Amino acid sequence: DQKVIFFGAKNDTAQSETRVTMRMKSEELQSLMKSSNCVMTIGHKTADADAFGATLAIYRMAKALGKQAYIILDESSIDPTVQRIKDAIDKEFISLKEAIITPSMALARMTEETLLMVVDCQSEALLVEPKLIKKAAKVGIIDHHRRGDNAIEKVDFYLSSTAASSSVELIVELYEFMAEEITFDKT
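Residues numbered from 1 in each chain as written. Predicted model: local features only at pLDDT ≥ 70, side-chain atom pairs only at ≥ 80, totals over all residues. Heavy atoms only, no water.

Draft legend 1. Representation of the overall build of the protein. A count of helical and extended segments in the protein gives seven helices and six strands. Secondary structure of the protein in N-to-C order comes out as α-β-α-β-α-α-β-α-β-α-β-β-α. For the protein, the residues scored as buried account for 45% of the 187 residues in total. Put simply, of all contacts in the protein between residues at least 6 apart along the chain, 71% involve residues at least 24 apart. (Helix = DSSP H or I, 4+ residues; strand = E, 2+ residues; numbered from the N terminus. Buried < 20%, exposed > 50% of the residue type's maximum accessible area, 1.4 Å probe, protein only. Contact = heavy atoms within 4.5 Å.)

And the structure:
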């Protein structure tokens, strides 16, 4: 494929290329977040642990950058595991509870300067609220699934790797290249 690959060396060329790519993607996403007044993150219908975990990971990244941030969640469309997580949030993590908004609240709060991050999904039809894509001026996607025929076209940031086991894994890899500390505490 017109590509030079070295065998037997101490460094894995593919691995270092991946680190460089992830550093560049992290810087690109941080820049996009910093240029936005708010970051909203959304996953797919019937949110599973990866979709919800990825929204939480993006939320924490945005908060570490000092941005207003929200997690868009339709409680009528989540799996039992995420329901247990949501119940725990409602009881123990009040500030996080306030950051979780409904799709209709997100539509009302979205402005031209809002970044909508789509995680664990690339299809408009699979989103909790497809109207959000139409309204969003800035859109980013992080996913570990293959890009389908009906994938979202208008994107300002795109990161997808089918080699990743989850969307959360991709986001946590981006954390490594941030100066700001990412925390997962009660605040």
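Text resumes after the structure shown.
Draft legend 2. Structural view of the sheet that holds strand β2 (residues 68-72). Read across the sheet, six strands follow the order β3-β2-β1-β4-β5-β6 without closing on themselves; strand pairing throughout is parallel. The open sheet is flanked by β3 (100-101) and β6 (157-160), the only strands paired with a single partner. Bridging between strand β1 (residues 38-42) and strand β4 (residues 114-119) involves five bridges; their strand directions are parallel. Residue pairing in the sheet places cysteine 38 in a bridge with threonine 114 of β4. Sheet contacts for helix α2 (residues 49-64): β1, β2, β3, β4 and β5 (138-143); angle to β2, the most-contacted strand, approximately 175 degrees. (Pairing = 2+ DSSP bridges. Axes fitted to C-alpha atoms, helices over the stretch in contact; angles between N-to-C directions.)

Draft legend 3. Structural detail: the confidence of the model for the protein. Averaged over every residue, the pLDDT of the protein is 88; the share at 70 or more is 90%. Mean pLDDT per element in the protein: helix α1 (residues 13-34) is the minimum at 83, and β4 is the maximum at 98. (pLDDT = per-residue confidence, 0-100.)

Draft legend 4. Local environment of the packing of aromatic side chains. For the coordinates displayed, the defined rule picks out zero aromatic pairs. Above the ring of phenylalanine 157, the side-chain terminus of lysine 25 is found at 5.1 Å from the ring centroid. (Phe/Tyr/Trp six-rings, centres within 6.5 Å; stacked < 30°, edge-to-face > 60°. Lys NZ or Arg CZ within 6 Å of the ring centre and 35° of its normal.)

Draft legend 5. View of helix α7 (residues 167-175). Taken as a whole, α7 has its buried residues at Ser167, Leu170, Ile171, Leu174 and Tyr175. Along the axis of α7, the buried residues cluster in a sector spanning 155 degrees; they form a single face. For α7, the side-chain oxygen to backbone nitrogen distance between the N-cap and glutamate 169 is 3.0 Å, and the N-cap itself is serine 166. (Arc of directions from axis to C-beta. Polar contact = N/O pair within 3.5 Å; in protein donor to acceptor, adjacent residues only side chain to side chain.)

Draft legend 6. Just the pattern of salt bridges, in detail. According to the stated counting rule, one finds eight salt bridges in the structure shown. Its salt-bridge partner being lysine 86, residue aspartate 90 comes within 2.5 Å of it at the nearest N-O pair. Highlighted residues: aspartate 90 and lysine 86, both in helix α3 (residues 80-92), separated by four residues, approximately one helical turn. A relative accessible area of 25% places aspartate 90 in the partly exposed class. Classification of lysine 86 by relative accessible area gives buried; the value is 4%. In this structure, glutamate 153 and arginine 147 form a salt bridge, with 3.9 Å as the shortest nitrogen-oxygen distance. Members of the salt-bridge network, linked through shared partners, are Glu75, Lys86 and Asp90. (Salt bridge = Lys/Arg side-chain N within 4 Å of Asp/Glu carboxyl O.)

Draft legend 7. Broad picture of α2. The terminal C-alpha atoms of α2, which comprises 16 residues, lie 22 Å apart, in line with the 22 Å expected from a rise of 1.5 Å per residue. Summarising burial for α2: twelve of the 16 residues are buried, a large majority. Looking one or two residues beyond α2, the residue adopting positive phi is glycine 66, at roughly 80 degrees. (Expected span 1.5 Å × (residues − 1).)

Draft legend 8. Focus on the nonpolar core. Counting 38 residues, the largest nonpolar core has Leu29, Met33, Ile58, Met117, Ile142 and Ile171 as the members making the most contacts within it. Listing elements by their share of this core, those giving two or more residues are α1, α2, β2, α3, α4 (94-99), β4, β6 and α7. Counting residues per element, this core draws most heavily on α2, at nine residues. Ignoring anything within four residues of it in the chain, the contact list for isoleucine 142 reads Leu29, Ile58, Met117, Val118, Val119, Asp120, Phe157, Leu159, Ser167, Leu170, Ile171 and Leu174. Listed in part, the 20 residues of the second largest apolar core include Met40, Val128, Ile133 and Ala136. (Core = buried A, V, L, I, M, F, W, Y, C linked by side-chain atoms within 4.5 Å.)

Draft legend 9. Summary view of the pairing of β5. Within β5, six of the six residues are buried, which leaves it mostly tucked inside the rest of the structure. By the alternation rule, side chains of β5 split into Lys138, Gly140 and Ile142 and Val139, Ile141 and Asp143, which are all buried. Of the strand pairs in this sheet, β4 and β5 are connected by five bridges, and their pairing is parallel. Bridged to valine 118 within β5 is isoleucine 141. Strand direction decides the pairing type here: β5 and β6, joined by four bridges, are parallel. Directly across from isoleucine 141, in β6, lies its bridge partner tyrosine 158.

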